[in-house]
Amino acid sequence: MTNELYAVVGNPISHSKSPRIHSLFASQTGEPVEYTAIQAPLEDFSGTVRHFFERGGRGLNVTVPFKEQAWTQAEHRTPRAEKAGAANTLYLDADGALVADNTDGVGLVRDLTRNHGVALKGLRILVLGAGGAVRGVLGPILAEAPASLTIANRTVAKAEALVRLFAGEAGDTALSACGFEQAAGAFDLVINGTSASLQGDLPPVPASILAGNTVVYDMMYSLQTTTFNRWAQDNGATRVFDGLGMLVEQAAESFYVWRGVRPETAPVIDELRSD
């Protein structure tokens with residue numbers, strides 16, 4: 001059976017774990033998938049996508065800095081991609097039209113609920129950041145019916161814009177916005193959606209957002225404990241997780257979108273942890 005071609009596109013891309021993840025999925029499921037990494041020129045992402053599908057490619061994952069461009073370039077968008085304003089998954093439909101999807105939010109929720117046993121229903125949740133990474137996960141989080149969701153950001157207007165955008169999906173969830181310093185009271189779950197950890201920085205939130213039972217989740221991941229999770233531990237949090245599981249879970253959702261087969265994620269997460 002001839003392998004079918006998939007890839008992840010970004011710039012830079014050499015650090016990406018996606019080829020390893022999808023090769024493990026292919027081995028596990030027996031699906032005929034060949035998955036590579038493509039560094040697209042910053043000025044010609046659209047040409048890279050077009051060329052990939054013209055030569056028979058079946059599906060693309062998209063990472064920084066092209067997720068918004070992928071969303072714009074697509075002829076059709078799934079509802080979750082539409083609201084996210086960004087796409088991390090592309091494929092052609094039966095008519096050859098380019099379809100955009102976003103599996104990031106599903107990946108985050110699945111990692112929290114299935115891998116870490118954190119049920120989101122009824123929780124008081126604080127999300128830090130108001131960029132594309134956060135916008136991409138708010139819909140799936142709200143679908144779990146938390147009691148409240150507060151978006152904190154350096155520029156409060158950006159957080160307020162997300163509150164307005166997702167107000168129709170909030171249901172009974174109290175949705176609000178504030179600045180980092182204004183985040184008040186201890187939360188059940190704190191999600192860091194800023195990229196500050198990668199630079200060794202911290203969003204300027206008060207330690208009072210944490211209690212002993214607060215679950216802390218950094219959407220970034222690294223070989224060592226992330227800067228944000230280390231800060232949380234230093235301030236009494238005992239359950240801290242990074243975003244490696246989210247990375248694997250969003251990849252599994254993309255694999256399912258493309259192949260109709262859902263891989264087992266736990267062994268892949270374990271293998272990546274031990275690499």
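So, how was this worked out
- Residues numbered from 1 in each chain as written.
- Predicted model: local features only at pLDDT ≥ 70, side-chain atom pairs only at ≥ 80, totals over all residues.
- Heavy atoms only, no water.
- Salt bridge = Lys/Arg side-chain N within 4 Å of Asp/Glu carboxyl O.
- Helix = DSSP H or I, 4+ residues; strand = E, 2+ residues; numbered from the N terminus.
- Buried < 20%, exposed > 50% of the residue type's maximum accessible area, 1.4 Å probe, protein only.
- Phe/Tyr/Trp six-rings, centres within 6.5 Å; stacked < 30°, edge-to-face > 60°.
- Lys NZ or Arg CZ within 6 Å of the ring centre and 35° of its normal.

Caption draft 1: Region of interest: the pattern of salt bridges. Applying the stated criterion to the full structure yields 13 salt bridges. Close ionic contact of Arg20 with Asp275 constitutes a salt bridge, the shortest N to O distance being 2.8 Å. One end of the pair, Arg20, is in helix 1 (residues 18-29); the other, Asp275, is in the segment after helix 10 (266-274), and 255 residues separate them in sequence. Across the salt bridge formed by Arg110 and Glu253, the nearest N and O atoms sit 2.9 Å from each other. Placement of the pair is Arg110 in helix 5 (residues 104-115) and Glu253 in helix 9 (residues 244-259), with a sequence separation of 143 residues. In this structure, Arg110 and Glu253 share a single accessibility class: buried.

Caption draft 2: How the structure looks around the packing of aromatic side chains. A full pass over the atoms with the stated rule returns six aromatic pairs. Here the aromatic residues Tyr6, Tyr35 and Trp258 are joined through ring pairs into a cluster of three or more. The ring of Phe166 has Lys83 lying over it, and the distance from NZ or CZ to the ring centre is 5.2 Å. Its end group placed over the ring of Tyr256, Arg262 keeps NZ or CZ at 4.2 Å from the ring centre.

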